[in-house]
Amino acid sequence: MTIEVKNLVKKFGSFAALDGVDLKVDNGELLALLGPSGSGKTTLLRIIAGLDWPDSGEVSFNGEDALAQGARERHVGFVFQHYALFRHMSVFENVAFGLRVQPRAVRKDEATIRARVKELLDLVQLDWLADRYPSQLSGGQRQRIALARALAIEPRILLLDEPFGALDAKVRKELRRWLRSLHHEINVTSIFVTHDQEEALEVANRVVVMDKGRIEQIGSPDDVYESPATAFVHGFIGESIELPVQVDGGVIRLGDRPLQLAAEGLAPGASKLFVRRHDMLVGPAGSGAFEGAVQHVRNFGPVQRAEVALSGGETIEIDAPRDKELRAGDTIGLNPRRYRIFAG
Amino acid sequence: MTMQIADTVSLSASDAKAREKARAAAARDSLRTEPPAVRIAIITLAVLFLSVFVVLPLVVVFAQAFSKGVLAYFAALAEPEAMAAIKLTLIVAAISVGLNLVFGLVAAWAIAKFEFPGKTFLITLIDLPFSVSPVISGLVFVLLFGAQGYFGSWLRDHDIQILFAVPGIALATTFVTFPFVARALIPLMQEQGTQEEEAAISLGASGLQTFFRVTLPNIKWGVLYGVLLCNARAMGEFGAVSVVSGHIRGETNTMPLLVEILYNEYQFVAAFAIASLLAMLALITLIAKTVLERHLDEGQDVNDH
């Protein structure tokens, strides 16, 4: 199933949750909608599911107008952030719900329903919990049951809203890997919403980065990390150093200090320079584009994280390998291995 | 003299540790709770107050009802007038609880699950019957349906009797007891949110299926709780009913009204016999309420994630 979204606009009062969103999702994809809270990602997901309606724009599944159908007819599996399991039903009945409410004409007989539920519980590896109630399950178990319930109706599309948002870090990591292999197995076109970049980059085969109701970039996890299209994406994904610089006459300046960095093709004016923390190479004083005094050093496994006060007045954090120990008070030169400059 | 001083000194020295310990324990205690004397005083006061103002009247009601023996008690209840009052009370309660169940569900649903302008006003309006004196509630219906009321002449022309008849009593009771079901359900439904309903719909359930399979089971204890309180009030309502009833003996007297009439006629056994039924209702309501509250709490536990 392919999904196509065209020029979607949705306002809540004067707040534009979606401000002209275009998106194409290919058949069998596992797509991540990544953005900070309030970026409109959940609204987009809910509109695709039919739980919300846009003010204008189009949504189509396989070229068919989806907005002409209600949530009930769309045949979309939706997994909620807080699971939304039916609290008065056993795990078994939760999963069976979608099969039991089918119109009588197409409803399967009891034996078929039981077999199908058993199969789904096996798929999420929780068949031993069939008689429990949602309140008796852990968060990770609830989420997997919610997924099994959504899959019961053999959805054309699977939508997951912050599927791991309410879980603790360890369970989250496990479930991520599990979700990716599950998607590989069932191969349903899936979209999941997350504010966690690691989750998006690790699980999805394509990432859509959103901010303020607009799409900032669509690309593979490598694309959005290695070649961010906008200042927002660079700042949001990965840990970046952001410096306000001035471009004029082929020279980049930080405050008064001209930086020895290539400035070809850059528009003159105030700009932002982005460097990944680990892309700042440390050298002796006077050797690099930047110059600074080490303020504070902490060790994180393979790297040392140093706070450096640049001579331009800004303070930045860099991640350096631990082969050369940095000490507070050192004056060092810094050279960005890679950097990007965005106007504005 | 010197002996005494020495004694004191040695005593305090040997006891210093123990006293220190006791003081520490006392400090810990005072962090946790009031001094024992205060605790005992407060508990005694509460128990005394409850005994005098709640338990004693209840006991007196039953004592009076049975003061001339069990036979007199049942004879009083078997009086046609008493039977008529009991029947009328049951009918009125059934009507008003039924209506309020539907209205309350609809109102709670609207408030908890939708956003619309004027919602806060509606919530305030639901509480109106609680804040207005029941007598005034009754008078409103007299103004509307009485002979000189807005609809009075129209009703007379069409030969419809509302005031001084069952419809009037049922209307007044319904008005007075309206908030119970809605009040019980609004916080419950607000807390539960709409996600389970959304999940049901996305799984292909129709509106009715969603209501009967998801919404209703989730709020059933709340519904029962509201119905229980609503029923207790409906059967016991005096003020509003008194205004619209007309006190026609054997016809428009509910149990509370009849209690007053009998009492004023010095028929104490009969009055308290019927009063004892109302007291019994109160006791049953209380027990049922405790049971339901336990279920409601359990429901809340399920909800935490």
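Conventions adopted
Residues numbered from 1 in each chain as written. Chains lettered and ligands numbered in written order. Predicted model: local features only at pLDDT ≥ 70, side-chain atom pairs only at ≥ 80, totals over all residues. Heavy atoms only, no water. UniProt positions renumbered as here; feature names shortened; annotations may be inferred. Phe/Tyr/Trp six-rings, centres within 6.5 Å; stacked < 30°, edge-to-face > 60°. Helix = DSSP H or I, 4+ residues; strand = E, 2+ residues; numbered from the N terminus. Buried < 20%, exposed > 50% of the residue type's maximum accessible area, 1.4 Å probe, protein only. Lys NZ or Arg CZ within 6 Å of the ring centre and 35° of its normal. Axes fitted to C-alpha atoms, helices over the stretch in contact; angles between N-to-C directions. Parallel < 35°, antiparallel > 145°, perpendicular 65-115°, else oblique. Left-handed = near helix turned anticlockwise from the far one by under 90°. Contact = heavy atoms within 4.5 Å. Nonpolar A, V, L, I, M, F, W, Y, C, P; charged D, E, K, R; others polar. Expected span 1.5 Å × (residues − 1). Bend = angle between axes of the 7 residues up to and from the residue. Pairing = 2+ DSSP bridges. Salt bridge = Lys/Arg side-chain N within 4 Å of Asp/Glu carboxyl O.

- Going by an unreviewed UniProt entry, chain B carries the name Sulfate transport system permease protein CysW and comes from Bradyrhizobium stylosanthis.
- As its UniProt record puts it under Function (unreviewed entry), chain B is described as follows: "Part of the ABC transporter complex CysAWTP (TC 3.A.1.6.1) involved in sulfate/thiosulfate import. Probably responsible for the translocation of the substrate across the membrane."
- What the UniProt record of chain B gives under Subunit (unreviewed entry) is the line "The complex is composed of two ATP-binding proteins (CysA), two transmembrane proteins (CysT and CysW) and a solute-binding protein (CysP)."

- As annotated in an unreviewed UniProt entry, chain A carries the name Sulfate transport system ATP-binding protein and comes from Bradyrhizobium stylosanthis.
- According to its UniProt record, chain A has this under Sequence similarities (unreviewed entry): "Belongs to the ABC transporter superfamily."

A word on the packing of aromatic side chains
Phase 1 of the analysis: Across all of its chains, the model carries 16 aromatic pairs over all chains by this definition.
Phase 2 of the analysis: Ring centres 5.3 Å apart and planes at 15° place the aromatic pair F232 of chain A and F236 of chain A in the stacked group. Separated by four residues within a single helix, F232 of chain A and F236 of chain A lie in helix α9 (residues 231-236), roughly one turn from each other.
Phase 3 of the analysis: Take F232 of chain A: its relative accessible area is 23%, and that puts it in the partly exposed class.
Phase 4 of the analysis: Judged by centre distance (6.4 Å) and plane angle (85°), the rings of Y263 of chain B and F272 of chain B are edge-to-face.
Phase 5 of the analysis: Taken together, the aromatic side chains of F141, F145, F151 and F175 of chain B make up a single cluster linked through ring pairs.
Phase 6 of the analysis: Cation over ring: R305 of chain A sits above F300 of chain A, and NZ or CZ is 4.7 Å from the ring centre.

A short note on the UniProt feature "transmembrane region" (unreviewed entry) in chain B
Residues and elements named next belong to chain B.
Phase 1 of the analysis: In this structure's numbering, the residues bearing the UniProt feature "transmembrane region" (unreviewed entry) are residues 40-63, 84-112, 132-151, 163-186 and 266-288.
Phase 2 of the analysis: The span residues 132-151 carries 60% helix and 0% strand; its end-to-end C-alpha distance comes to 23 Å.
Phase 3 of the analysis: Across residues 266-288, the secondary structure splits into 91% helix and 0% strand, with the terminal C-alpha atoms separated by 34 Å.

Overview of the packing of helix α3 (residues 91-100) of chain A against helix α5 (residues 139-152) of chain A
Residues and elements named next belong to chain A.
Phase 1 of the analysis: Two elements in contact, α3 and α5, have axes separated by 7 Å at closest approach and are oriented at 25°. Comparing the axis directions of α3 and α5 gives the class roughly parallel. Judged by the sense of rotation from one axis to the other, the crossing of α3 with α5 is right-handed. On the side of α3, the interface is formed by V91, N94, V95 and L99, while α5 contributes I145, A148, R149 and A152.
Phase 2 of the analysis: When its residues are assigned to classes, the contact of α3 with α5 shows six nonpolar, one polar and one charged.

As for the environment of V227 of chain B
Residues and elements named next belong to chain B.
Phase 1 of the analysis: With respect to the helices and strands, V227 occurs in helix α12 (residues 207-236).
Phase 2 of the analysis: For the pair V227 and G98, spaced 129 residues apart in sequence, the C-alpha to C-alpha distance is 8.7 Å.
Phase 3 of the analysis: When sequence neighbours within four positions are dropped, the list of residues in contact with V227 reads V97, L101 and V181.

Section: α12 of chain B
Phase 1 of the analysis: With 30 residues, α12 of chain B should cover 44 Å at 1.5 Å per step; its first-to-last C-alpha distance of 37 Å lies more than 12% under that length.
Phase 2 of the analysis: K220 of chain B marks where α12 of chain B bends most, by close to 55°.

Observations concerning the sheet that holds strand β19 (residues 331-336) of chain A
Residue and element names in this part refer to chain A.
Phase 1 of the analysis: The five strands are arranged β15-β19-β16-β17-β18 in an open sheet whose pairing can be described as antiparallel. Lying at the two open borders of the sheet, with one neighbouring strand each, are β15 (280-284) and β18 (315-321). Going across the sheet, the axis of each strand differs from the next one's by a mean of 50°, ignoring polarity.
Phase 2 of the analysis: Two strands pair when backbone bridges link them, and strand β17 (residues 303-310) and β18 are joined in this way by seven bridges, in the antiparallel orientation. Among the inter-strand pairings, V308 is bridged to a residue of β18, identified as I316.

Re the pattern of salt bridges
Residue and element names in this part refer to chain A.
Phase 1 of the analysis: Within the structure shown, the criterion is met by 36 salt bridges over all chains.
Phase 2 of the analysis: The partner of E93 in a salt bridge is R100, with the nearest N and O atoms 2.8 Å apart.
Phase 3 of the analysis: Its relative accessible area of 26% is what places E93 among the partly exposed residues.
Phase 4 of the analysis: Two residues, R338 and D279, come together in a salt bridge whose shortest N-O distance is 3.7 Å. Of this pair, R338 sits in the loop between β19 and β20 (340-343) while D279 sits in the loop between β14 (269-276) and β15, placing them 59 residues apart in sequence.
Phase 5 of the analysis: Connected through salt bridges with shared partners, the residues R172, R176, D196, E198, E199 and E202 form a single ionic network.

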